[in-house]
Amino acid sequence: MKLYNTLSKKVEEFIPHDGNKVKMYTCGPTVYNFAHVGNLRTYIFEDVLEKGLEYLGYDVTRVMNITDVGHLTSDGDTGEDKMLKGAEREGKTVYEIADFYTKAFFEDFESLNIRKPAIVEKASDHIATYIKMIEKMLKDDYAYLSKGNVYFDISKAKDYYKLSGKNPDELLVGVRDTVEEDKAKRNPADFVLWFTLSKFEKQIMKWDSPWGVGYPGWHIECSGISYETLGEYLDIHCGGVDNIFPHHTNEIAQSEAFLGHKWCSYWCHGAHLNDKSGKMSKSKGEFLTLSLLKEKGYDPLCYRYFCLNSHYRNGLEFSYESLDIAKNAYNKLRNKVLSLNKTLEVDEKQKDEYIAKFKEAFSNDINTSLMLTVTYDVLKDDELNETTKWEIIKDFDKVLSLDLVVDNKKTVSKGLEKEILEKIELRNEAKKDKDFATADKIRDELLSKGIKLIDKREGTTYELI
Ligand code: AMP
Ligand code: ZN
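Below you will find a few notes about this structure.

So, the sheet that holds strand β9 (residues 214-216)
Part 1: Reading across from one edge, β6-β7-β8-β9 is the order of the four strands in this open sheet, with antiparallel pairing throughout. Because the sheet does not close on itself, it has two edges, and the strands there are β6 (143-146) and β9. The mean angle between the axes of side-by-side strands here comes to 25°, regardless of whether they run parallel or antiparallel.
Part 2: Pairing analysis gives four bridges linking β6 to strand β7 (residues 149-152), with the strands arranged antiparallel. When the sheet's bridge partners are listed, tyrosine 144 is paired in β7 with tyrosine 151.
Part 3: Lying on the sheet, helix α4 (residues 127-139) is in contact with β6, β7, β8 (191-196) and β9; it crosses β8 at an angle near 120°.
Part 4: Each of β7 and β8 touches helix α7 (residues 244-259); the most contacted strand, β8, lies at about 80° to it.

So this is what it looks like as structure tokens:
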């Protein structure tokens, strides 16, 4: 298995710390709003990585945090807490906001066939661990207390910029330009481990600590949860490229200061999905959620297919035109697989040969587009009988998770179902009133979204096409 490691900036042979056991940590969502499809691109890449490693025979334990406290509107130490902002926006408590969006997040996972990580932990459930870690960092002089907050002193970290490869001088200009300088810091790039109420009075989630009532900085949650659930050594840590600095940089600084040794061997980062205007946003332009794509009639797995078609380290631009191309290709592929004859004898030797090719594509730094090409090669290969093709693709789908061998999988969300039933009702009324133009318009409108109405004697039903 070869993986690109952001730490070394090279594709490296993957060697876990403990035989075939892989400890994998993936940064989770800040649950103050829905995930956008860009966020979901990162989770799809992580899902393929986890399942692919298992396919190669590794025993993977994957952990994910849910950020329900501490992540400010800026990635630095200024701005409001994102959760608090979400709660104010919707007139709910932060707890209600967190529960609602966590649920929505995992519904997206289900729609995209992303497996929920074996261990999912809320940031707010591990306060005692952060306090223990911060106390040790203070004792060992990696951290200091200033004006009520506890800061990490980056000058004490071993090669603080090793992950980002950034130039500290350039960064300092950035810090000066973009945020108000925090005078309590020894070094402008130091970051907060623990905020106290003296600074953020509105904070609702707050805990007692040796330094006063307050709440943890954003970065400490991942160091803490990883340490508690996976121990002192981590094999793979993933996230989107925006996490490299400052989030993962600060995680390394804290974890290695606390542990006293190197912490994580491989850092894997997914490139962003952007829209035409550049960065994908939850506030500006069209907020691209998976539900929106569903409402527009896209099967979420078309989006998964769209993501798998490009390499996770390449930027990807979202457009409905490219999603339509992916949708057509995906539907064709699936229909072709579903039509295969499943009653012949499987040629195990041929199957093994293709599985080896598929594993090779995955092992080459998760080459998902090549994995799809191998899938098409199977379909095109005249030497294989149809059942052998079916069995090979069934195996590949353990990693691709495109429901290529699942018949009748098409279902709609509860919301969409309600909408379809209402439209059917409106159409029935229009027909009763002999307003056939309206009735046909409703039928065509649904058809354009991939929903075909079927009129039967006992009433109208629908089918997804
Ligand atoms: P957040 O909920 O903002 O903390 O982000 C959740 C995950 O999505 C993180 O791993 C981010 O690195 C990742 N992410 C954020 N924006 C994008 C994007 N446009 N494309 C891909 N991944 C993203
Ligand atoms: Zn994290």
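Digging into the nonpolar core
Nonpolar side chains tend toward joint burial in soluble globular proteins.
Part 1: Ranked by size, the top nonpolar core spans 129 residues in total, and within it Leu49, Leu53, Ile236, Tyr303 and Phe396 carry the most contacts.
Part 2: Top element by residues in this core is helix α1 (residues 37-55). It accounts for nine residues.
Part 3: When residues of this core are assigned to domains, at least three map to each of domain 1 (2-270) and domain 2 (275-407).
Part 4: The contacts of isoleucine 236, once residues within four sequence positions are left out, are Leu3, Phe14, Val22, Lys23, Met24, Tyr25, Leu49, Leu53, Cys264, Tyr266 and Cys268.
Part 5: If you look at the next biggest cluster of nonpolar residues, it comprises seven residues, including Leu416, Ile442, Ile451 and Leu453.

Notes on the coordination of the zinc ion (ligand 2)
Part 1: Bound to the zinc ion (ligand 2) are the protein donor atoms Cys27 (SG), Cys222 (SG), His247 (NE2) and Glu251 (OE), situated 2.0 to 2.7 Å from the metal.
Part 2: Viewed at the metal, the four donor atoms of the zinc ion (ligand 2) are separated by angles of 71 to 131°, and the geometry they form is irregular.
Part 3: All donor residues of the zinc ion (ligand 2) come from one chain, and their arrangement in sequence is C-x194-C-x24-H-x3-E. Note that cysteine 27 is positioned in the loop between β3 (21-26) and α1 and glutamate 251 in helix α7, a separation of 224 residues in sequence. With respect to class, cysteine 27 is no different from glutamate 251; both count as buried.

Quick notes on α4
Part 1: In a regular helix each residue adds 1.5 Å, so 13 residues correspond to 18 Å; α4 covers 18 Å between its end C-alpha atoms and thus fits that length.
Part 2: All of the buried residues along α4 are Ile127, Thr129, Tyr130, Ile131, Met133, Ile134 and Met137.
Part 3: The inward-facing, buried residues of α4 abut β6, β7, β8, β9, α6 (220-230) and α7.
Part 4: Positive backbone phi, approximately 75°, marks aspartate 141, located one or two places after α4.

Comments concerning the site of ligand 1
Part 1: Around ligand 1, the structure places 15 residues, and the nearest of them are Gly38, Thr42, Gly240, Asp242 and Leu273.
Part 2: With respect to ligand 1, the side chain of threonine 42 contributes an N or O atom lying 2.6 Å from a nitrogen atom.
Part 3: Asparagine 243 is positioned with one of its side-chain polar atoms (N or O) 3.1 Å from an oxygen atom of ligand 1.
Part 4: Within the complex, the protein chains bury 92% of what would otherwise be the 490 Å² of accessible surface of ligand 1.
Part 5: Sorting the residues of the shell around ligand 1 by element identifies α1 and β10 (234-240) as the ones contributing at least two each.

Comments concerning the packing of aromatic side chains
Part 1: One pass over the structure, following the stated rule, counts 27 aromatic pairs.
Part 2: Ring centres of tyrosine 55 and phenylalanine 358 lie 5.7 Å apart, and the angle between their planes is 80°; on these two criteria the pair is classed as edge-to-face. Residue tyrosine 55 is found in helix α1, and its partner phenylalanine 358 is found in helix α11 (residues 348-363); the two are separated by 303 residues along the sequence. Each member of the pair, tyrosine 55 together with phenylalanine 358, is buried.
Part 3: Relative to phenylalanine 106, the ring of phenylalanine 105 lies with its centre 5.1 Å away and its plane at 70°, an arrangement referred to as edge-to-face. The same class applies to phenylalanine 105 and to phenylalanine 106, which are both buried.
Part 4: A network of ring pairs unites the aromatic residues Tyr298, Tyr303, Phe306, Phe318 and Tyr320 as a single cluster.
Part 5: The ring of tryptophan 390 carries lysine 342 above its face, with NZ or CZ at 4.6 Å from the centroid.

What counts as what
- Residues numbered from 1 in each chain as written.
- Chains lettered and ligands numbered in written order.
- Predicted model: local features only at pLDDT ≥ 70, side-chain atom pairs only at ≥ 80, totals over all residues.
- Heavy atoms only, no water.
- Pairing = 2+ DSSP bridges.
- Helix = DSSP H or I, 4+ residues; strand = E, 2+ residues; numbered from the N terminus.
- Axes fitted to C-alpha atoms, helices over the stretch in contact; angles between N-to-C directions.
- Contact = heavy atoms within 4.5 Å.
- Core = buried A, V, L, I, M, F, W, Y, C linked by side-chain atoms within 4.5 Å.
- Buried < 20%, exposed > 50% of the residue type's maximum accessible area, 1.4 Å probe, protein only.
- Domains from an automatic or database assignment.
- Donors = N, O, S within 2.8 Å, 3.2 Å for Na, K, Ca; no water.
- Tetrahedral: all angles 85-135°; square planar, octahedral: opposite > 155°, others 65-115°.
- Expected span 1.5 Å × (residues − 1).
- Near = heavy atom within 4 Å.
- Polar contact = N/O pair within 3.5 Å; in protein donor to acceptor, adjacent residues only side chain to side chain.
- Areas by Shrake-Rupley, 256 points an atom, 1.4 Å probe, with all protein chains shown as cover.
- Phe/Tyr/Trp six-rings, centres within 6.5 Å; stacked < 30°, edge-to-face > 60°.
- Lys NZ or Arg CZ within 6 Å of the ring centre and 35° of its normal.

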